[in-house]
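# Structural overview for review
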Amino acid sequence: MQRNFLEQFLTKISQFPQWVKEIIYVKLSEDINKDSDLAYVFATYKPVLTYKGRCELDYKKSNFDSNIYNMLNYCDQNSSISEITLNTYMSMEEIANHFLFCVDEGYMEIPDNSQILNIAGFLAGKYRTGEYFVQDGSISEEQLNSAVDNYNNNKSENKKFGQILIDLGLITQNQLNIILSIKEEAKKRFVLDHNEIPKINQEYVKTSDEYEKQIEDLKEENRQLKKKLDQLLAMVKNNE
């Protein structure tokens, strides 16, 4: 059963006072790179099952790992990549791997936006940094090969390959920072559970055992009072 954690969380935020939402907005605007929507493009994509994928979900003839069938099931519910990630408690990196597997096996339709497969490939480790930028259209195969030669000839400088691409003027520092940040964030697991268990002040909480003891104490007090009352009545009768 799908748990719409993200939708409920966003709904909860939308109900905050205006000044609280403004603080959240300003803080997020500082943290999020305005020049990139790469993570958004992949996270909001809703994979579409093929006929083959639907048959595999129904009959499970290939006996895949349960995570594959969980992903197929959520796709059948028209879930986005972000919703699948939150509901399965996996990382975006793991989901990217499962997504590519399902596409390669023909269980999911190939996305119209080629950038989705490109991002998934980079997050899953199918593409390295240079290959990602080739697929992205930022650089050509020839430029990548030239950068590889430069990298191999200057290994003594201990530069990372991404820095070589920057030094050659093929990409900017900002482009590199964006994609590396997305990849690093994709490794993290993020649990967003809307179910909140309120903390009750224990000072006012009594267990059933405590209540039963209190009732027994009251009964004992009543017995003692009745006993004293009987004694007083007996004394009155004797005096008469």
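In what follows, the accompanying structure is described.

What counts, and where the lines are drawn
Residues numbered from 1 in each chain as written. Predicted model: local features only at pLDDT ≥ 70, side-chain atom pairs only at ≥ 80, totals over all residues. Heavy atoms only, no water. Phe/Tyr/Trp six-rings, centres within 6.5 Å; stacked < 30°, edge-to-face > 60°. Buried < 20%, exposed > 50% of the residue type's maximum accessible area, 1.4 Å probe, protein only. Helix = DSSP H or I, 4+ residues; strand = E, 2+ residues; numbered from the N terminus. Contact = heavy atoms within 4.5 Å. Polar contact = N/O pair within 3.5 Å; in protein donor to acceptor, adjacent residues only side chain to side chain. Disulfide = S-S within 2.5 Å. 1 Å grid on protein atoms, 1.4 Å probe; cavity = no way out; pocket = protein on both sides within 12 Å on 5 of 7 lines; lining within 4 Å. Points joined across faces, edges and corners; volume = space filled by probe spheres on them. Nonpolar A, V, L, I, M, F, W, Y, C, P; charged D, E, K, R; others polar. Axes fitted to C-alpha atoms, helices over the stretch in contact; angles between N-to-C directions. Left-handed = near helix turned anticlockwise from the far one by under 90°. Core = buried A, V, L, I, M, F, W, Y, C linked by side-chain atoms within 4.5 Å. Salt bridge = Lys/Arg side-chain N within 4 Å of Asp/Glu carboxyl O.

Turning our eyes to something else, we now look at the packing of aromatic side chains. The tally for this structure, following the rule as stated, stands at eight aromatic pairs. Here Phe64 and Tyr69 contribute two aromatic rings whose centre-to-centre distance is 6.1 Å and whose plane-to-plane angle is 40°, an arrangement assigned as tilted. With relative accessibility at 8%, the residue Tyr69 sits in the buried group. Measuring from centroid to centroid gives 5.7 Å for Tyr151 and Phe161, while their planes differ by 85°, and the two rings are edge-to-face. One end of the pair, Tyr151, is in helix H10 (residues 141–153); the other, Phe161, is in helix H11 (residues 161–167), with ten residues separating them in the sequence. Residue class for Tyr151 comes out partly exposed when judged on its relative accessible area of 28%.

Right, let's get into helix H5 (residues 66–76). Those residues of H5 that sit buried are Ile68, Tyr69, Met71, Leu72, Tyr74 and Cys75. Along its buried surface, H5 packs onto helix H4 (51–59), helix H6 (81–88) and helix H7 (92–104). Sitting at the amino-terminal end of H5 is Asp65, which places a side-chain oxygen 2.8 Å from the backbone nitrogen of Asn67. Looking at the residues trailing H5, positive phi occurs at Asn78, about 65°.

Right, let's get into the state of the cysteines. Per the counting criterion, the structure on display carries zero disulfides. Cys75 supplies the cysteine sulfur nearest to Cys102, a cysteine that is in no disulfide, at a spacing of 6.9 Å. For Cys102, a relative accessible area of 0% corresponds to the buried category.

Right, let's get into the layout of surface pockets. In this structure, the second largest pocket occupies an estimated 260 Å³ of space. Forming the walls of the second largest pocket are 14 residues, and the residues nearest its centre are Thr129, Lys160, Gly162, Leu176 and Leu180. The leading source of residues in the lining of the second largest pocket is helix H12 (residues 173–186), at five residues. Here the lining of the second largest pocket is composed, by residue class, of five nonpolar, six polar and three charged.

What follows concerns the environment of Ile179. Inspection of the secondary structure assignment puts Ile179 in helix H12. We classify Ile179 as buried; its relative accessible area is 1%. Each C-alpha atom of the pair Ile179 and Phe122 lies 8.8 Å from the other, and the pair is 57 residues apart in sequence. Beyond its immediate stretch of four places on either side in the chain, Ile179 contacts Leu38, Phe122, Tyr132 and Phe133.

Turning our attention to the packing of H6 against H7. For any two helices packed against each other, one specifies the inter-axial angle together with the distance between the axes. Contact geometry for H6 and H7: axes closest at 10 Å, N-to-C directions at 115°. Crossing of H6 over H7 shows right-handed handedness. Touching Ile81, Ile84, Thr85 and Thr88 of H6 are Met92, Ile95 and Phe99, all from H7. In terms of residue class, the contact of H6 with H7 is built from five nonpolar, two polar and no charged.

Across soluble globular proteins, nonpolar side chains have a tendency to be buried as a group. One finds Phe42, Leu72, Phe99 and Met108 to be the most contacted residues of the largest nonpolar core, which totals 48 residues. In terms of residue count, the dominant contributor to this core is H7 (seven residues). Beyond its immediate stretch of four places on either side in the chain, Met108 contacts Pro47, Val48, Leu49, Thr50, Met71, Leu72, Cys75, Phe99, Cys102 and Val103.

This part covers the side chain of His98. Relative to the assigned elements, His98 resides in helix H7. The exposure class assigned to His98 is buried, which follows from its relative accessible area of 18%. Those residues in contact with His98 that lie beyond four places of it in its chain are Asn67, Ile68, Met71 and Met90.

Taken as a whole, this structure holds six salt bridges when the rule is applied. Across the pair Glu94 and Arg189 runs a salt bridge whose closest N-O atoms are separated by 2.9 Å. Residue Glu94 is found in helix H7, and its partner Arg189 is found in the loop between H12 and helix H13 (208–239); the two are separated by 95 residues along the sequence. Classification of Glu94 by relative accessible area gives partly exposed; the value is 24%. Residue Arg189 is classed as exposed on the basis of its relative accessible area of 53%. Between Lys159 and Glu157 there is a salt bridge, and its shortest N-O distance comes to 3.7 Å. Judged by its relative accessible area of 33%, Lys159 falls in the partly exposed class.

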